[in-house]
Amino acid sequence: MGDRRFYLIIILGLLSAIGAFSIDTYIAGFPSIATDFHIPIDTVSYSISSFFLGICIGQMICGPLLDRFGRRIPLLIGLFLYTIASIGCALSTSIEMLIIVRFFQALGGCVGIVAPRAIVRDIFPLNEIAKIFSLLVLVLGVSPIIAPTIGSYLIIAFGWHSVFWLQVIIGLALLITVYFFLPESRPGDASMSLHPKVVSANFFRIFTNPQFITYALCGAVVSSGVYAYLAGSSAVFMEIYGASEQQYGYIFGMTAAGLIGSSQLNTLALRKKSSMAIIRTVLPIQALFGILLVGLSLLNLHTFYSMLLLVLVFISCQGFIHPNTSALSLTPFSKDAGSASALMGAIQMSFGALATALVGWLGNGTTLPLTAIMAACPLIALFIFGVGWLAKKK
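Note that this is a predicted model, so its numbers are computed, not measured.

(A) Highlighting the overall build of the protein. If you tally the helices and strands in the protein, you get 18 helices and zero strands. Whereas a compact globule of 394 residues would reach a radius of gyration of roughly 21 Å, the protein reaches 20 Å, a difference of no more than 12%. In terms of principal-axis extent, the alpha carbons of the protein reach across some 55 × 50 × 40 Å. When each of the 394 residues of the protein is scored for burial, the buried share is 59%. In the protein, the share of contacts with a sequence separation of at least 24, taken over all contacts with a separation of at least 6, comes to 85%. Roughly 15900 Å² of accessible area belongs to the protein as shown, and the carbon and sulfur atoms make up 72% of that amount. Averaged over its 20 positive side-chain charges, the protein has a centre that lies 17 Å from the centre of its 13 negative ones.

What follows is the structure, given as structure tokens:
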């Protein structure tokens, strides 16, 4: 049982990482893509925004499908679409084509994000869900450590197109793994209607659940600060501070290591503290470091090392916040965990798409737009958390 649980967590973690891997491997190639397509580097970030938009829309589609047909069939179809779209990305000849095909890549890959959360809710006891999500972050966190480094070496040796050929291989590998090694965790429910009115009513019922909306929104807004960093960090560290593609890979790896470490500390903290107590402690800390980030930008006092240090702490806070907001969001649901997981992910990616788009729109060659967006996210999340907490007290 222990070995089966271990391999299951590894597979679910790898599936969860497909979205992050699809972003992390090609971020170091932004300057090369911009040069090839004769566009400003900030314009390339729109390909991240379209990816988030595809994940957002795709999750709203695949959530009900996971509840209606079980977990395996939608996973296999989604991974097939992801693989085909990755080929399209590799063959892109313009930024417009890349933006469009990235949308379809996300549309297929989103099931790798939704299904693992639903499977965790299917299999594990409620009091273990936050711990399992922290373990998934351990696997998920490997992606930001190795992906930028792999991506930078591939880009240097073979050009940015090679990164997407790697994603084709990853898609095929996951497709084979799911087919042969991932058992069905919950059979499809034939009574689940896929009529748009019924699906919409079900999503509305989930959305209006007080616990769900509080923690789903809180987690989504906090995550959007991290997504803003993903979209804007290459311009900041490579354009402003002159980091090379390889150095940028190391920077990305450091922040990912902080995320992994904090997510594992979260499993220890859960032995003594509740998920709510951990969020209540860590969220203000992240907000404080966000304020420091934007304050130093306003005063033009940032150095390479101050930016790196503050970003490292800011991102590390996510390892405590994300597993606990995710667990608290899904706790009220069992039968329709797929739809709840999809809605939570769609909300998260909607805010992520907005944050990454803002990075592109507001980019002005300084650190201020990125740090301002990052600082705003935990401050807004604090307000949401406070309102939800007060409403629960009444």
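(B) Expanded view of a nonpolar patch on the surface. Taken together, Phe69, Ile73, Ile77 and Leu194 make up a surface patch of nonpolar side chains, about 370 Å² in accessible area. Tracing the chain through its elements places Ile77 in helix H6 (residues 72–90).

(C) Layout of the side chain of Thr267. If you trace the backbone, Thr267 turns up in helix H14 (residues 245–269). Residues within four places of Thr267 in sequence aside, it is in contact with Lys131 and Ser134.

(D) Geometry of the packing of aromatic side chains. Enumeration according to the criterion identifies 13 aromatic pairs in this entry. Ring centres 5.2 Å apart and planes at 65° place the aromatic pair Tyr26 and Phe30 in the edge-to-face group. Neither residue differs from the other here; Tyr26 and Phe30 are each classed as buried. Ring plane angle 80° and centroid distance 5.8 Å describe the contact between Phe237 and Phe304, whose orientation is recorded as edge-to-face. With Phe237 in helix H13 (residues 210–240) and Phe304 in helix H16 (residues 304–330), this pair connects stretches of sequence that are 67 residues apart. In this structure Phe237 comes out as buried when scored by relative accessible area, which is 1%. Phe304 gets classed as partly exposed once you look at its relative accessible area, which sits at 23%. Each member of the aromatic cluster is reached from another via a ring pair, and the members are Tyr26, Phe30, Phe37, Trp160 and Phe164. Directly above the aromatic system of Tyr179 lies the positively charged group of Arg72, at a separation of 6.0 Å from the ring centroid.

(E) Region of interest: the state of the cysteines. If you walk through the whole model with that rule in mind, you get zero disulfides. Cysteine Cys56 shares no disulfide, and the gap to the nearest cysteine sulfur, in Cys110, comes to 9.7 Å. Taking relative accessible area as the criterion, Cys56 reaches 12% and is therefore assigned buried. Unpaired in terms of disulfides, Cys62 finds its nearest cysteine sulfur in Cys110, a separation of 4.0 Å.

(F) Main features of the packing of helix H5 (residues 46–69) against helix H7 (residues 95–109). Two numbers describe how H5 lies on H7: the axes approach to 7 Å, and their chain directions differ by 30°. As for how H5 packs across H7, the hand of that crossing is right-handed. For the pair H5 and H7, contact is made by Tyr46, Ser47, Ser50, Phe51, Leu53, Gly54, Ile55, Ile57 and Gly58 and by Leu98, Ile99, Arg102, Phe103, Gln105, Ala106 and Leu107, respectively.

(G) Summary view of unusual backbone geometry. Residues other than glycine seldom take positive phi values, yet His38 does so here, at roughly 55°. For His38, the position within the fold is in the loop between helix H3 (30–37) and helix H4 (41–44). With phi around 55°, Asn300 is a residue other than glycine that occupies positive phi space. With respect to the element layout, Asn300 can be found in the loop between helix H15 (275–298) and H16.

(H) Inspection of the pattern of salt bridges at higher detail. Enumeration according to the criterion identifies two salt bridges in this entry. The closest approach of N and O atoms between Asp67 and Arg71, which form a salt bridge, is 3.2 Å. Comparing Asp67 with Arg71 shows no difference in burial state: the two are buried. The partner of Asp122 in a salt bridge is Arg71, and the shortest N-O contact between them spans 2.8 Å. Of this pair, Asp122 sits in helix H8 (residues 111–123) while Arg71 sits in the loop between H5 and H6, and the two are 51 residues apart along the sequence.

(I) How the structure looks around the environment of Ile176. Among the structural elements, Ile176 can be located in helix H11 (residues 161–181). Overall, Ile176 belongs to the partly exposed group, its relative accessible area being 49%. A sequence separation of 97 residues divides Ile176 from Leu79, and the C-alpha atoms of the two residues are 9.6 Å apart.

(J) A look at the side chain of Asn266. As for its position among the elements, Asn266 is in helix H14. Setting aside residues up to four positions removed in sequence, Asn266 forms contacts with Ala130, Ser134, Ile278, Gly319, Phe320, Pro323 and Asn324.

(K) A look at the confidence of the model for the protein. Confidence in the prediction of the protein, expressed as mean pLDDT, is 88, and 96% of residues score 70 or more. Taken element by element, the protein is modelled with least confidence in helix H9 (residues 129–140), mean pLDDT 75, and with most confidence in H6, mean pLDDT 96.

(L) Molecular detail of H16. Under the 1.5 Å per step criterion, the end-to-end length of H16 is 39 Å for 27 residues, consistent within 8% with the ideal 39 Å. With respect to burial, H16 is a largely interior element, 22 of its 27 residues being buried.

Calculation notes
Residues numbered from 1 in each chain as written. Predicted model: local features only at pLDDT ≥ 70, side-chain atom pairs only at ≥ 80, totals over all residues. Heavy atoms only, no water. Helix = DSSP H or I, 4+ residues; strand = E, 2+ residues; numbered from the N terminus. Rg over C-alpha atoms; globule rule 2.2 N^0.38 Å. Buried < 20%, exposed > 50% of the residue type's maximum accessible area, 1.4 Å probe, protein only. Contact = heavy atoms within 4.5 Å. Areas by Shrake-Rupley, 256 points an atom, 1.4 Å probe, with all protein chains shown as cover. Lys, Arg positive; Asp, Glu negative; His and termini not counted. Charge placed at Lys NZ, Arg CZ, Asp CG, Glu CD. Patch = residues over 30% accessible without salt bridge, like charges linked within 9 Å, V, L, I, M, F, W, Y side chains within 5 Å. Salt bridge = Lys/Arg side-chain N within 4 Å of Asp/Glu carboxyl O. Phe/Tyr/Trp six-rings, centres within 6.5 Å; stacked < 30°, edge-to-face > 60°. Lys NZ or Arg CZ within 6 Å of the ring centre and 35° of its normal. Disulfide = S-S within 2.5 Å. Axes fitted to C-alpha atoms, helices over the stretch in contact; angles between N-to-C directions. Left-handed = near helix turned anticlockwise from the far one by under 90°. pLDDT = per-residue confidence, 0-100. Expected span 1.5 Å × (residues − 1).

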